[in-house]
Amino acid sequence: MGYIKAEEILPDEIIEMIQQYVDGASIYIPRKEHKRAGWGQINRAKEQIYARDIMIYQEYRQGATVRELAERHYLSEKSIWRILHKMKSSCNGGAGV
C-alpha cells in the first residue's frame, strides 16, 4: 500500500478539518467494511494452505508418519496433528484421526 498526498485528492476544507486532529502525521484510513477482502482472498493464501493440508492428509493416509510430514512441510508435529484432525473431521463428518 502506498501513500497518497492529501492535497492531491481531498478538498482544502477536509484537509483543514483533519489537521485539527492530526497535524503533519501519517494516518491510515481503513476500507469500508463491505469492500474488505477476507483473510487470504487477495493473495490466495487460504486456498494454498487448504491445498497443502489436503496433501498432508493424503500423504498420512498413504503411510507417512507425523514426523516425516513435519520435516517435509517444515511444520511442527503439533501442527501436523492439528491439520490431520481438521481434515479428518471435514472429510468424515467429525470423526477423529
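For the structure itself, consult the block above.
Keep in mind that this is a model prediction, so the values were computed, not measured. Every residue gets a number counted from 1 within its own chain, in the order that chain's sequence is written. Since the coordinates come from a predicted model, pLDDT governs what is reported: local features require at least 70, and pairs of side-chain atoms require 80 or more to be given and counted, while whole-chain, interface and lining totals use all residues. Only hydrogens and water are set aside when side-chain values are computed; all heavy atoms of the structure are taken into account.

## Quick word on the pattern of salt bridges
In what follows, salt bridge is the name for a side-chain nitrogen of Lys or Arg lying within 4 Å of a carboxyl oxygen of Asp or Glu. Applying the stated criterion across every chain yields a total of five salt bridges. Across the pair Asp53 and Arg52 runs a salt bridge, and its minimum N-O distance is 2.8 Å. Within the structure, one salt-bridge network assembled from shared partners comprises Arg52, Asp53 and Lys86.

## What about helix α3 (residues 45-61)?
What counts as a helix is a DSSP run of H or I of at least four residues, what counts as a strand is a run of E of at least two, and both are numbered from the N terminus. Given a helix with a known number of residues, its expected span is that number minus one, times 1.5 Å. Taking 1.5 Å per residue as the helical rise, α3 with its 17 residues ought to reach 24 Å, and the 24 Å between its terminal C-alpha atoms agrees with that figure. Under the scheme applied here, a residue whose accessible area is under 20% of the maximum for its type counts as buried, over 50% as exposed, and between as partly exposed, the area being computed with a 1.4 Å probe on protein chains only. When we look at burial in α3, the residues that qualify are Ala45, Asp53, Ile56, Tyr57 and Glu59. With its buried residues spanning 160 degrees around the axis, α3 presents them on a single face. The exposed set on the far side of α3, more than 90 degrees from its buried face, consists of Gln48 and Arg61. One or two residues past the end of α3 sits Gly63, with phi positive at roughly 115 degrees. By construction, the arc corresponds to the directions joining the helix axis to the C-beta atoms.

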